[in-house]
Amino acid sequence: MKERFKKGLEDVVASESSVCFIDGKKGQLLYRGYDIRDLAEHSAYEEVAYLLLFGKLPGRKELGSFSNELAGCRELPERLVDIMGHFCRKLLPIDALRSCVSLLKCYDPAGNDRSMEANITRGVDLIAKFPTIVAYYYRINQELKIVHPDKRLGHAENFLYMLSGKKPDKLDARMTDLDMVLHAEHEFNASTFAARVTASTLSDMYAAITTAIGTLEGPLHGGAASAVVRMLDDIGNERNVEGYITKTLESHGKIMGVGHRIYKTLDPRVAKIRELARQAGERKGDLRYYKMLVKLEDVIKKAGLNKKGIYPNVDLYTGAVYKNLGIPEVLFDPMFALGRIAGWVAHVLEQYGDNRLIRPVTVYTGKKNLRYIPIGKR
Ligand code: ACO
């Protein structure tokens with residue numbers, strides 16, 4: 001039994017799946033067979049979400065009606081917005097998102113219908129509503145009037161509009177859209193696996209997605225982008241990068257945005273997000289973060305981390321993109337969820353489609369056969 005145990009389930013095959021393929025040695029990532037680099041180049045988030053959910057690229061008509069369906073589901077139930085008014089000033093946005101997903105169950109017109117059709121509708125509804133929840137959270141939290149969704153705008157464009165109250169320019173919208181595409185899916189990462197475990201008990205979609213959000217929150221997963229920005233603020237400027245990294249490595253600390261369980265070469269999403277960070281920085285006339293990160297990549301290489309299979313991951317540059325797009329730092333964690341919701345839904349549907357309870361075993365390390373001593377005699 002002991003030989004079978006892999007701490008952190010490293011390399012353990014937990015399921016079959018046709019949603020996503022990763023080759024961590026070659027640095028390859030495919031969504032439903034399509035290379036992430038092609039999707040990042042050519043697809044908008046709506047198209048990627050369709051691909052993940054239905055397993056094929058949509059035709060023009062299919063994409064049009066899917067995009068319309070998403071746009072038509074964006075608004076939140078009024079009662080939910082009222083409730084958000086009570087908790088949005090107290091909760092972090094990722095906690096508010098998790099709580100809202102849970103509460104959305106109360107407003108599900110399909111009730112307890114567990115058919116595949118009802119679950120697809122639920123999944124599409126959640127993809128559509130995620131940006132609204134995050135934008136409403138922010139505006140309520142900042143005591144600003146909420147900005148209702150605009151059906152005429154694309155998924156990412158509408159998110160920026162609801163957040164700032166201003167129609168974003170096309171480039172900012174495309175950058176946000178690309179970030180969502182790059183984060184849309186990633187095989188059995190911790191949050192997706194957690195969602196599938198919950199779905200495997202035949203809990204409902206809301207329970208599975210709530211589980212995923214809870215799992216995403218930590219700095220080893222979805223919290224990495226904000227942790228990188230805090231790290232950069234600590235470092236201060238490009239000249240301090242080398243000293244900071246050396247000190248961190250000497251004290252066996254971790255460098256945020258670096259390392260990955262699966263990739264032992266450069267994460268294939270990094271080139272695109274690095275380029276986005278440069279573009280976003282140039283547009284705002286602030287390349288400070290970008291330059292520090294490029295230097296950081298160089299320093300960790302010289303320090304020998306690449307030789308150990310430790311390379312930058314997608315979230316090294318994500319925070320720099322958000323910062324220069326004007327996305328408030330407090331929203332960095334839920335930003336990841338705005339992209340990943342499509343992948344979560346695709347996996348939950350796949351789990352329901354061919355379910356078996358996920359229930360692994362442990363290697364027991366406790367005592368055995370202890371004699372029970374009544375409380376008065378202990
Ligand atoms: N900085 C320095 N050393 C590292 C790093 C890092 N970021 N990541 C791994 N290592 C080293 C560890 O110290 C360890 O060294 P040792 O064997 O000498 O003790 C070795 O590499 C293995 O590290 P583990 O933490 O066991 O690797 P694991 O596969 O469990 O962790 C993880 C992967 C959690 C992503 C890790 O690399 C990490 O903590 N990175 C920083 C956080 C981060 O960027 N998370 C985002 C992940 S990607 C995403 O969710 C989008």
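About the criteria used
Counting restarts for each chain, with residues numbered from 1 along the sequence as it is written. Only residues with pLDDT of at least 70 are given local features in this predicted model, and only at 80 or more are side-chain atom pairs given and counted; all residues enter the totals for whole chains, interfaces and linings. The side-chain figures draw on all heavy atoms in the structure; neither hydrogens nor water molecules are used. Numbering of helices and strands runs from the N terminus; a helix is a DSSP stretch of H or I covering at least four residues, while a strand is a stretch of E covering at least two. Only C-alpha atoms enter the radius of gyration, while the globule expectation follows 2.2 Å times N to the 0.38, with N the number of residues. Only protein chains enter the accessibility calculation, which uses a 1.4 Å probe; a residue whose area is less than 20% of its type maximum is buried, one above 50% is exposed, and one in between is partly exposed. When checking whether two residues touch, look at their non-hydrogen atoms; a contact exists if any pair is within 4.5 Å. All accessible-area figures derive from a Shrake-Rupley calculation using a 1.4 Å probe, and residue coverage is judged against the displayed protein chains alone. What makes two strands pair is DSSP finding at least two bridges between them. Consider each residue's heavy atoms; a residue with any of them within 4 Å of a molecule or strand counts as near. Polar contacts here mean pairs of N or O atoms no more than 3.5 Å apart (in protein, one a potential hydrogen donor and the other a potential acceptor; neighbouring residues in sequence count only if both atoms are side-chain atoms). In this count, Pro and Cys sit with the nonpolar residues alongside Ala, Val, Leu, Ile, Met, Phe, Trp and Tyr, while Asp, Glu, Lys and Arg are called charged and the others, Gly among them, polar. Take the residue count of a helix, subtract one, and multiply by 1.5 Å to get its expected span. Where each domain begins and ends follows an automated or database-derived domain assignment. Salt bridge, as used here, is a side-chain nitrogen of Lys or Arg placed within 4 Å of a carboxyl oxygen of Asp or Glu. Aromatic rings from Phe, Tyr and Trp, with only the six-membered ring used for Trp, were paired whenever their centres fell within 6.5 Å, and each pair was classed as stacked if the ring planes differed by under 30 degrees, edge-to-face if by over 60, and tilted otherwise. Placement of a charge over a ring requires the Lys NZ or Arg CZ to be within 6 Å of the ring centre, with the centre-to-atom vector within 35 degrees of the ring normal.

### Section: the overall build of the protein chain
Check the secondary structure of the protein chain and you find 16 helices and three strands. Relative to its length of 378 residues, the protein chain is compact, with a C-alpha radius of gyration of 22 Å against a globular reference of 21 Å. By its C-alpha atoms, the protein chain is 70 × 60 × 45 Å across when sized along the principal axes. Looking at the protein chain as a whole, 51% of its 378 residues qualify as buried. Here the analysis covers contacts within the protein chain between residues at least 6 apart in sequence; of these, 75% occur between residues at least 24 apart. Approximately 19000 Å² of the protein chain is accessible, and the part contributed by carbon and sulfur atoms is 52%.

### Brief notes about the pairing of strand S2 (residues 28–31)
Bridge count between strand S1 (residues 20–23) and S2: four bridges; the pairing is antiparallel. Note on S2: the bridge partner recorded for Asp 23 is Gln 28. Counting the residues between successive antiparallel strands, the hairpin from S1 to S2 contains four residues, one of them, Gly 27, with a positive phi of roughly 75°. Note that S2 and strand S3 (residues 34–35) share two bridges and pair antiparallel. When the sheet's bridge partners are listed, Tyr 31 is paired in S3 with Tyr 34. Between S2 and S3, which pair antiparallel one after the other, the connecting turn spans two residues, and Arg 32 there sits at a positive phi close to 50°.

### Re the site of the ligand
Taken together, 19 residues lie around the ligand, and Lys 254, Ile 255, Gly 257, Val 258 and Arg 261 are the ones closest in. His 221 is positioned with one of its side-chain polar atoms (N or O) 3.0 Å from an oxygen atom of the ligand. A distance of 2.5 Å separates an oxygen atom of the ligand from a polar atom in the side chain of Lys 254. The protein chains hide 66% of the 920 Å² of surface that the ligand would expose on its own. Considering only residue class, the shell around the ligand consists of 10 nonpolar, six polar and three charged.

### Things to note about the environment of Leu 316
In this structure, Leu 316 sits in helix H15 (residues 315–325). Under the relative-accessibility criterion, Leu 316 is labelled buried at 0%. C-alpha separation for the pair Leu 316 and Ala 277, spaced 39 residues apart in sequence, amounts to 10.0 Å.

### Examining unusual backbone geometry
At Leu 9, a residue that is not glycine, the phi angle is positive and equals roughly 55°. Considering the arrangement of structural elements, one finds Leu 9 in the segment before S1. A positive phi angle, close to 65°, is found at Asp 11, a residue other than glycine. Positionally, Asp 11 belongs in the segment before S1. Assessed through its relative accessible area of 64%, Asp 11 is described here as exposed.

### Examining helix H11 (residues 224–235)
Taking 1.5 Å of rise per residue, 12 residues should cover 16 Å, and H11 covers 16 Å from first to last C-alpha, within 8% of that figure. Burial of H11 is extensive: nine of the 12 residues sit out of reach of the surface. Among the residues making up H11, those that are buried are Ala 224, Ala 225, Ser 226, Ala 227, Val 228, Val 229, Met 231, Leu 232 and Ile 235. Against the buried residues of H11 lie helix H12 (241–250), helix H14 (288–302), H15 and helix H16 (332–353). Looking one or two places after H11, you find Gly 236, whose phi comes out positive at around 90°.

### As for the domain arrangement of the protein chain
For the protein chain, the domain assignment lists domain 1 (18–219 + 331–353) and domain 2 (224–325). Placing the centre of domain 1 and that of domain 2 at their C-alpha centroids yields a distance of 26 Å. Listed as interface residues are 29 residues of domain 1 and, on the opposing side, 27 residues of domain 2. Our enumeration of links across domain 1 and domain 2 arrives at four salt bridges. Linking domain 1 to domain 2 there are nine residue pairs in polar contact (both at pLDDT 80 or more). At the level of secondary structure, the elements contributing two or more residues to the side of domain 1 that touches domain 2 comprise S1, S2, helix H1 (36–42), helix H8 (170–183) and H16. With eight residues, the top contributor of residues to the side of domain 1 that touches domain 2 is H8.

### Thoughts on the sheet that holds S3
Pairing is antiparallel in the open sheet, where three strands are placed in the order S1-S2-S3. At either margin of the open sheet sits one strand with a lone partner, and together these are S1 and S3.

### Here's the deal with the packing of aromatic side chains
One pass over the structure, following the stated rule, counts six aromatic pairs. With a centroid separation of 5.7 Å and 45° between ring planes, the pair formed by Phe 188 and Phe 193 is classed as tilted. For Phe 188, a relative accessible area of 22% translates into the label partly exposed. Through successive ring pairs, a cluster of aromatic residues spans Tyr 50, Phe 54 and Phe 66. The cationic tip of Arg 288 hangs over the ring face of Tyr 289; the distance from NZ or CZ to the ring centre is 5.0 Å.

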